[in-house]
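# Structural overview
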Amino acid sequence: MSAELPSEAETVVIGAGAVGCSVAYHLSELGAEDVVVVDQGPLPVTGGSSVHAPGIIFQTSPSKIQTKTAHYTSRLLKDAGVYDEVGGIELARSEARMDFLRRRVEWAESYGLPDPQLLSPAEATEHLPLVDEDEILGGYYSPTDGRLDGIAALQWYIEQSDADFYGNTELTDLDVAGGQISAVETNRGTITCDRCVLATNNWGYQTGKMAGLDLPIAPVEHQYVVTEPMAELADAESTFGENTEGLDVPGNRDIQEAMSESPTRPVGRDQDNSLYFRTHGDRLGMGSYNHEPLSVDPDAMGTNTEDRQASVRGFTTEHWERPTHPDREKSPKQAFDELLPASADYEYAATENGIFVFTPDGMPAVGPTAAVDGLWSALAIWWTHSGGYGRIVAEWMENGVPRLPSGPVETGGVHVRRFEPHAGEKDYFVDKGAKRYEQVYSIVEPRWQPDNHRGLRTSPFYGKQEELGAEFYQSGGWEAPQWYEHNADLVDRYEDQIPDQEGWQGINRSAIEGAEHLHTREAVSLFDMSSFSSIIVGGTDAGAFLQRICSNDVDIPVGKVRYSLLLNEGGGILADVTVVRLDDDRYMVTTGGGNSPGIHGNWLKEHAPETVSVQIDEGGMSTIGLWGPNARLLLQRCTDADVSNGGFPYFTAKELYVGEVPVIALRVSYVGELGWELWAPTEYGRRLWETLWEAGQDLDVRPMGGGALESMRLEKGYRLWGTDIDTDSNPYEAGLPFAVDLDTEFVGKEALEAAKADGIDNKITPITLDESTDILSTGRPILKDGEAVGYVQAADFGYSIGESIAYTYLPAAHTEAGTDVQVRCEGELYDATVRDEPLFDPGRERIIR
C-alpha cells in the first residue's frame, strides 16, 4: 500500500471490499499493469458489508453462474488459507422445503459440486448438535460449503495483488468526456485513467450517478446477532478480537471482531423461517431475513465510517422479536429458540443491522456499462460469489471474454446492461429490491409473477388482449400474454393431445397453452411480438460494418433476410439476430426472445464507425407474428401485394400495406409454420390487429401466447438466447454452423477457427422422455451410466409430436440419435433418448409452401 495518491493509472477500481479486491487481484494475475484501488474506509477493514458480513458460503443455486462463481470463490480462498471448509447444511421444517432440498441436490449434481447429500434428521443433528431434531424433517449437505474470514481474505488479496491500494480515499466525482471515462476525483486528488471499475456495492447507485448512470442497486438492512460465549460450545477455542488488534475498525467493532472467529461446525440455515447461523468459536451467530424489508434510500447512504450509522436504523429489537415478514408467522427469535433451544438462554454480545444490496431481479450487475466507455460495473455481489465474479470481470476487461478457468460463462442474466430503461427509477428498483430481499429464502414457484409495478409497458394490442382474457406475464416490464382464456374452448377440441401436468412442473401452467400450439399448427394465429426489438443500421458503410460484426454473410440483395449471430472475441454468442436489407445502405436488425436491446443494441452502437448510424427502436414498432397454414390466405385478403410462395419466398422481406397500415413484412417463422412477422409503427398497431382479426374470423383466427411459442420453437429446435445459447457457447456447440461463414471476416472468427480445428467436445442435443409426458424443469441433471453429463437447458411438451422434450448440451460421444440417457427431476429418474433435430417437420414442408 502506497501513501501518495498517483495522478494517473491505466485502471482505477473503486471499492476495496470483496469484489474490488478480487477484480484487482485477478487483473494482476492476468498481467494488467498500473492498477489502482481506492476505498473511503481504512484498509483492510473498510467498514462496508465485506467486513460485517458473516462470510458464509452456500454454493448451490438454481443459477449455473451463481453456483460456478461460488465454487470458484471457495476454492480460491481455501487455497489462500482464509476459508474454513466446514460444510453447509440447509434444514427443512416443512414437506415443501424437503422437496426444495431435493432440487438443490439436482442443481448441485448438474453444475458439478462434489458429493451433495440429503440427510435424515438424525444425520443433520449429528453435524449440528445444537439443532432440535424434532423440529426438522431432514437437510441438504454440501461438504465443500463453509465460511471465509473476510478481513483475512481482504488482506490476502491486497498482499498478493500487484495493484496499489489506497484507503481513506473518498470518491467525489467521475469525469466523463465524450462518452469515455477520463478521471476519478477523490478527496486526495484526481487520477486520470482509461478504465474504471465500480465495486462500490452499497454505494453503487450513488457512484453510478456521478457518471450519469441510473444503476438499479437497492440497499436493504439485514439483521445479525452474536451470542455471549455458550457452555455448549465451550470446547471451541475463542479468538475474539485477536484478528483486528491494532487495526482501524470503523463501525461496529464487536461484529467485525466476531466475524474473524472460525466456525467449529457446519454453517446452517433454516430457510422455512428465512434464517441462517454459524458458530464464532464458542459463540453462536444468527442472521435473519425474517423481517419486513428495511430499505435504505440509496441517495442517503452515508460514508463508510461512523457517518454510515446515520443512514441506517441500527439493530431494531421489534424486527427480531416480532413477526414482520409478510410470509412468516414466527419472529426470528421465536424460530431460532425452537430450532436452537440452547440459544434462548444467552444474551447477545453483538448486534448489527448491516447492508446488502439487491437489483430488481436479484442477480449481480457486471460488465461494461452502456453509456460510458471504459466504465465497468461489478455490483450487487456477495462474498459468496465475489472471487468468481472478480475473475470474470478481469477476464472480460483484459481478453474480451467473460470466463472462469473452467471456460466461458453465460452473461445474459448478470450483464449490467440487461435492465430496461425504467429500471433506473428509484422508487421502482427500491420496491423491486425489497421484494427480492423478502424472497431470498422463499420457495419461488415456477413462472412466478410480481403483483407490483404492472402495466408499465404495453403494446397497442393490450386492450384487445384484455378483452380476450390474456394471462399476462411480465418480461422486461412488458405485459406479455402467456395464454388467452378466449381459447378455452380449444382445450376440449384437443383434449386427447394435452396431457395433465401435476406437481411442481405444473404450477402456473394452463392446458390452453397446448391448445393454442395445436390450433396454430392447424389454422392461423396472431402473436404479439411488440416486445421484440428492431435496430435500424444505416449509412454508406452500413453493409461493411454489419459484415464485420455478423458471423454470417450479410452481403445480401435488397429484400433478402439472413439469420446471423453476434459473437465476442472468444466466439461466444452475444446475440442471434435477423438481418434484413431494406435498401442499399439501410438494414433492419431484429432481436427477440431472450435478447436484450440494452446489451446488444448498445454493443452495435459501440462498434459502429462514425459513418454508420445505429437506431435502437425498442418498443417503437408494433409487431405481429402471423403464423399457421392459413396465414397466407389471411394476409392476401388484407394486402394488394403478392404474398404467394413465388412472389414472396421464405426469408425475404417486403414493404407493403395491410389494409391502410404500412408494414415491413418478413417471411420468417419462429414456430415452424407458414407465416410472417409484420412490423409496423406503434401508432398503427391497433388497426393492424383489427384488420387481421376481422378478416380472419371465418378462418378461426386466434390469439396465441408465449406458452405456445415456447413449445412450438422447441419442436423445431429454434434457439433462444439466454436460455439455449449465450456467451458460454459457440455456434458449433449450439448447432448453428449455418449461421457462420468463415469466408467473411468477423469478430470471433479466429476463436471459431481454433475451436473447429480442436474439435467440438459438447453439442446441443434434443432428448425426449421414453414413457412420461411430464414437463421437465430446467437445471436438472442428464445422466449417462449414473454420471451427470449435462443438464436441462430448456424443456416443454411437444404437443404436435406427443412427446416431452428437453434440450441439453452433451459430450459429443453421447449425441448420437438413439443414445439412452436418464434425467433426474423432482427426485424421480426419467428414461430418455437422444434424438436428431428438428423433431417436427424436418423437411420444412410446412414453412416453405
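Preceding this section is the structure that the text describes.
A brief look at the structure comes next. Since the structure is predicted, the reported quantities are computational estimates derived from the model, not experimental observations. (Residues numbered from 1 in each chain as written. Predicted model: local features only at pLDDT ≥ 70, side-chain atom pairs only at ≥ 80, totals over all residues. Heavy atoms only, no water.)

For the rest of this paragraph, the subject is the pairing of strand 11 (residues 180-186). With six bridges joining them, strand 10 (residues 171-177) and strand 11 adopt antiparallel strand pairing. Paired with Leu174 across the strands is Val184, a residue of strand 11. From the end of strand 10 to the start of strand 11, which pair antiparallel, there are two residues, and Gly178 there has a positive phi angle of about 60°. Two successive antiparallel strands, strand 11 and strand 12 (residues 189-192), enclose a turn made up of two residues. (Pairing = 2+ DSSP bridges. Helix = DSSP H or I, 4+ residues; strand = E, 2+ residues; numbered from the N terminus.)

All right, on to the sheet that holds strand 9 (residues 164-166) then. The mixed open sheet is built from six strands, whose spatial order is 9-2-1-13-21-20. One side of each edge strand has no neighbouring strand; the edge strands of this open sheet are strand 9 and strand 20 (365-368). When strand polarity is set aside, the average angle formed by the axes of neighbouring strands in this sheet is 20°. (Axes fitted to C-alpha atoms, helices over the stretch in contact; angles between N-to-C directions.)

Our focus in this paragraph is the state of the cysteines. Per the stated rule, a full pass over the model turns up zero disulfides. Of the cysteine sulfurs around Cys21, a residue in no disulfide, the closest is that of Cys196, at 15 Å. For Cys21, a relative accessible area of 0% corresponds to the buried category. (Disulfide = S-S within 2.5 Å. Buried < 20%, exposed > 50% of the residue type's maximum accessible area, 1.4 Å probe, protein only.)

Where strand 24 (residues 470-475) lies against strand 25 (residues 478-484), six bridges are found, and the strand directions are antiparallel. Bridge assignment links Ala470 to a residue of strand 25, and that residue is Tyr484. Between strand 24 and the antiparallel strand that follows it, strand 25, lie two residues; Gly476 among them carries a positive phi value of about 60°.

Structurally, Arg283 is set in strand 17 (residues 283-288). On the accessibility criterion, Arg283 (11% relative accessible area) is buried.

Across all of its chains, the model carries 47 salt bridges by this definition. One salt bridge connects Arg457 with Glu420, and the closest N-O pair in it is separated by 3.1 Å. Taken together, the positions of Arg457 in the loop between helix 12 (426-438) and helix 13 (462-467) and Glu420 in the loop between strand 23 (407-408) and helix 12 put the pair 37 residues apart, joining distant regions of the chain. Here Glu420 falls in the buried class, since its relative accessible area comes to 16%. Across the pair Arg702 and Asp489 runs a salt bridge, and its minimum N-O distance is 2.9 Å. Here Arg702 is found in strand 36 (residues 702-704), whereas its partner Asp489 is found in helix 14 (residues 488-493), with 213 residues between them in sequence. A relative accessible area of 38% places Asp489 in the partly exposed class. Overlapping salt bridges bring together Arg93, Glu135, Asp270, Lys330 and Glu338 as one network. (Salt bridge = Lys/Arg side-chain N within 4 Å of Asp/Glu carboxyl O.)

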